[in-house]
Amino acid sequence: MNKLVRNFWQIPWKLKQAFVIALCFPMAGLLLDLVIGRNSVWIPQFPYNLIIFLLFIASIGLIFFFYKKSQLVQFLSSIPATISSITIFIGVLLLMGLIPQHPESSPFAIQLRLNDILHSGIFLFSLIYLLIILTFTIFTRIYPFRWRNMGFLLNHIGLLIILGGATMDSSDLYRLKMVCGYNTPIWYGTNQDGKQYKLPFAVELKKFHIDYYDPELVLIDRESNEAVKTKVKPDAYIKKGKTIKFDDKIKVTIDTFYRHAFESKKIFLPAERPGNTQAVKVRVYETESKKTVKGWVSAGSFIQYPHRIKLKHYDLGLAPPKPKKYSSEFKLYEPDQEPRTITLVVNKPVRSMGWKLYQVSYDTRKGKWSEYTVIEAVKDPWLPLVYIGFFMLLAGVFLLTWQSANWNRNG
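Residues numbered from 1 in each chain as written. Predicted model: local features only at pLDDT ≥ 70, side-chain atom pairs only at ≥ 80, totals over all residues. Heavy atoms only, no water.

Caption draft 1: Examining the sheet that holds strand S12 (residues 315–318) more closely. Ordered by their spatial adjacency, 3 strands build an open sheet running S4-S12-S11, and the pairing between neighbours is antiparallel. Across the chains shown, the open sheet's two edge strands, defined by having one partner strand only, are strand S4 (217–220) and strand S11 (309–310). Two elements, S4 and S12, share 4 bridges in a ladder whose sense is antiparallel. In the strand pairing of S12, Val218 is matched with Gly317. (Pairing = 2+ DSSP bridges. Helix = DSSP H or I, 4+ residues; strand = E, 2+ residues; numbered from the N terminus.)

Below, the structure written as structure tokens:
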């Protein structure tokens, strides 16, 4: 038995030994998760995370230059170590995709922190081992330096910057939700855990605007209260004078269409005030019963109930309005500056004092009459460094491709 163990761990280590060593790191992270419970693995904030990262690289550089001929250092910069570290790290990433990453997972996943892998010891330790292997590999090509290694170095240093920057970013990244009501300055936001943070600026909601797509007629199952999938010709969008056919069994003709209406004595009248709704007067012909029914259908609102027309098998109704585009106008207050007006549109953030402000939501129940809007304040100081890493990675790929083409031409 002892002889078998000695043979297995006999130097130089190959792929089998490399995988066993690589697996020890996530297992150590798992033990750490079991010890600390549901608390996240702590990563220090700037500037301490940067200092630790630089000391990490410097330490590996010193170990390499003083012990580069040792069996351990040669293994840590070898192909088996690289393959195993990358494979284990990718396996951890696959776990993140396969296991739901939210607090309401199974008790087993919660106990092992598998429902929050990104902030677990399993992820951190796997990443640390990959960074160790990557850094040793980089130093093998830095000294002695040769220009032909430039593509390789750009590739690997770029990857090191991306992984290191993303790790440090996890402690300095802020995503804060700000619920902004009309004419009330808001200077704070809350994270996903409900913790409140003070911001260096304030915003005050002045206007909210929303555009909707044209409404659609739908057939609704009376038991499930859900829309029925049918073949519609030409389509279900509303337009005055248009005829819509559902499965060639129900023909609907649009007589009147109001984008803003209120019900009055079982009919709808045009009116634009809080709580109005889209309303359509239609004529419905059913081929099965050969009868024509007239009436109003509406989508309803937070004040008005939706109106439907009862047919033989289904109800004819109007689908809830779908937002096409919405935006908010704010007054932005920054220290020692005059207030300025900004407009937030979805996917078009506005910058302020190192933060990005995104329009993310509103009171969907009240729609265009929403009394508040929700924005997200994001501070991501390490993102530029990650972008630099991506550019270096791409430059390395192009350089390696160019070198390969030259080598092929020169035989």
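Caption draft 2: Highlighting the pairing of strand S6 (residues 243–246). Residues Ile244 and Phe246 line the buried face of S6, whereas the alternating positions Thr243 and Lys245 sit on a face that is not buried. In this structure, S6 lies alongside strand S7 (residues 250–264), joined through 4 bridges in antiparallel fashion. Counted as the bridge partner of Thr243 is Thr253 from S7. Here S6 folds back onto S7, and the loop between the two strands holds 3 residues, one of which, Asp247, carries a positive phi near 55°. (Buried < 20%, exposed > 50% of the residue type's maximum accessible area, 1.4 Å probe, protein only.)

Caption draft 3: The arrangement of the nonpolar core in detail. Membership of the largest hydrophobic core comes to 20 residues, with the highest contact counts inside it found for Phe89, Leu114, Phe123, Leu127, Leu160 and Leu163. For this core, the elements supplying multiple residues, two or more each, are helix H5 (79–98), helix H7 (121–142) and helix H8 (150–172). In this structure Leu114 touches Ile99, Gln101, Phe108, Ala109 and Ile122, once residues within four positions along its chain are discounted. Phe246, Ile250, Ile254 and Leu316 belong to the second largest nonpolar core, which has 18 residues in total. (Core = buried A, V, L, I, M, F, W, Y, C linked by side-chain atoms within 4.5 Å. Contact = heavy atoms within 4.5 Å.)

Caption draft 4: Main features of the packing of helix H2 (residues 15–36) against H5. Their axes nearest at 8 Å, the elements H2 and H5 cross at an angle of 40°. Taken together, the axis directions place H2 and H5 in an arrangement best described as oblique. In the crossing of H2 with H5, the sense of the turn from one axis to the other is right-handed. Of H5, the residues touching H2 (which contributes Leu15, Ala18, Phe19, Ala22, Leu23 and Pro26) are Pro80, Ala81, Ile83, Ser84, Ser85, Thr87 and Ile88. Looking at side-chain class alone, the contact of H2 with H5 contains 10 nonpolar, 3 polar and no charged residues. (Axes fitted to C-alpha atoms, helices over the stretch in contact; angles between N-to-C directions. Parallel < 35°, antiparallel > 145°, perpendicular 65-115°, else oblique. Left-handed = near helix turned anticlockwise from the far one by under 90°. Nonpolar A, V, L, I, M, F, W, Y, C, P; charged D, E, K, R; others polar.)

Caption draft 5: The arrangement of the layout of surface pockets in detail. For the second largest pocket, the calculated volume is near 500 Å³. Forming the boundary of the second largest pocket are 24 residues, of which Tyr212, Asn276, Pro321, Gly367 and Lys368 lie nearest the centre. Here the lining of the second largest pocket takes 4 residues from strand S3 (residues 196–212), the largest share from any one element. Class assignment for the residues of the lining of the second largest pocket results in 10 nonpolar, 10 polar and 4 charged. (1 Å grid on protein atoms, 1.4 Å probe; cavity = no way out; pocket = protein on both sides within 12 Å on 5 of 7 lines; lining within 4 Å. Points joined across faces, edges and corners; volume = space filled by probe spheres on them.)

Caption draft 6: Focus on the environment of Gly181. Topologically, Gly181 is positioned in strand S1 (residues 174–181). Placed 207 residues apart in sequence, Gly181 and Ile388 show a C-alpha to C-alpha distance of 39 Å. For Gly181, the contacting residues outside a window of four places in its chain are Leu205, Glu371 and Tyr372.

Caption draft 7: Quick look at the pattern of salt bridges. A full pass over the atoms with the stated rule returns 12 salt bridges. Here Lys233 and Asp248 are joined by a salt bridge, their closest N and O atoms 3.6 Å apart. Placement of Lys233 in strand S5 (residues 232–233) and of Asp248 in the loop between S6 and S7 is noted, with a sequence separation of 15 residues between them. Under the relative-accessibility criterion, Lys233 is labelled partly exposed at 48%. Residue Glu288 pairs with Lys312 through a salt bridge whose shortest N-O separation is 2.9 Å. Of this pair, Glu288 sits in the loop between strand S9 (277–286) and strand S10 (291–298) while Lys312 sits in the loop between S11 and S12, and the two are 24 residues apart along the sequence. Residue classification places Glu288 among the exposed positions, given a relative accessible area of 52%. (Salt bridge = Lys/Arg side-chain N within 4 Å of Asp/Glu carboxyl O.)

Caption draft 8: Quick peek at the side chain of Gln304. Tracing the sequence through the fold places Gln304 in the loop between S10 and S11. When its relative accessible area of 10% is taken as the criterion, Gln304 is described as buried. Among the polar contacts listed, one links the side chain of Gln304 to the backbone oxygen of Ala261, at a separation of 3.2 Å. (Polar contact = N/O pair within 3.5 Å; in protein donor to acceptor, adjacent residues only side chain to side chain.)

Caption draft 9: Local environment of the pairing of strand S13 (residues 323–333). Taken together, the 10 bridges between S3 and S13 define a ladder with antiparallel strand orientation. Counted as the bridge partner of Lys207 is Glu329 from S13. Pairing of S13 with strand S14 (residues 340–345), which is carried by 6 bridges, proceeds in the antiparallel orientation. Bridge pairing in S14 places Phe330 opposite Ile342. Between S13 and S14, which follow one another and run antiparallel, lie 6 residues, and Asp336 among them has a positive phi close to 60°.

Caption draft 10: Layout of a nonpolar patch on the surface. Residues Leu62, Ile63, Phe65, Phe66, Tyr67, Ile142 and Tyr143 make up a contiguous nonpolar surface patch of about 740 Å² in total accessible area. When residues of the nonpolar patch are assigned to their parent elements, the largest contribution, 5 residues, is made by helix H3 (residues 48–67). Take Ile63: it is sitting in helix H3. The class for Ile63 is partly exposed, based on a relative accessible area of 38%. (Patch = residues over 30% accessible without salt bridge, like charges linked within 9 Å, V, L, I, M, F, W, Y side chains within 5 Å. Areas by Shrake-Rupley, 256 points an atom, 1.4 Å probe, with all protein chains shown as cover.)

Caption draft 11: Looking closely at H7. With 22 residues, H7 extends 31 Å between its outermost C-alpha atoms, agreeing within 8% with the 32 Å of an ideal straight helix rising 1.5 Å per residue. With 17 of its 22 residues buried, H7 lies for the most part within the structure. (Expected span 1.5 Å × (residues − 1).)

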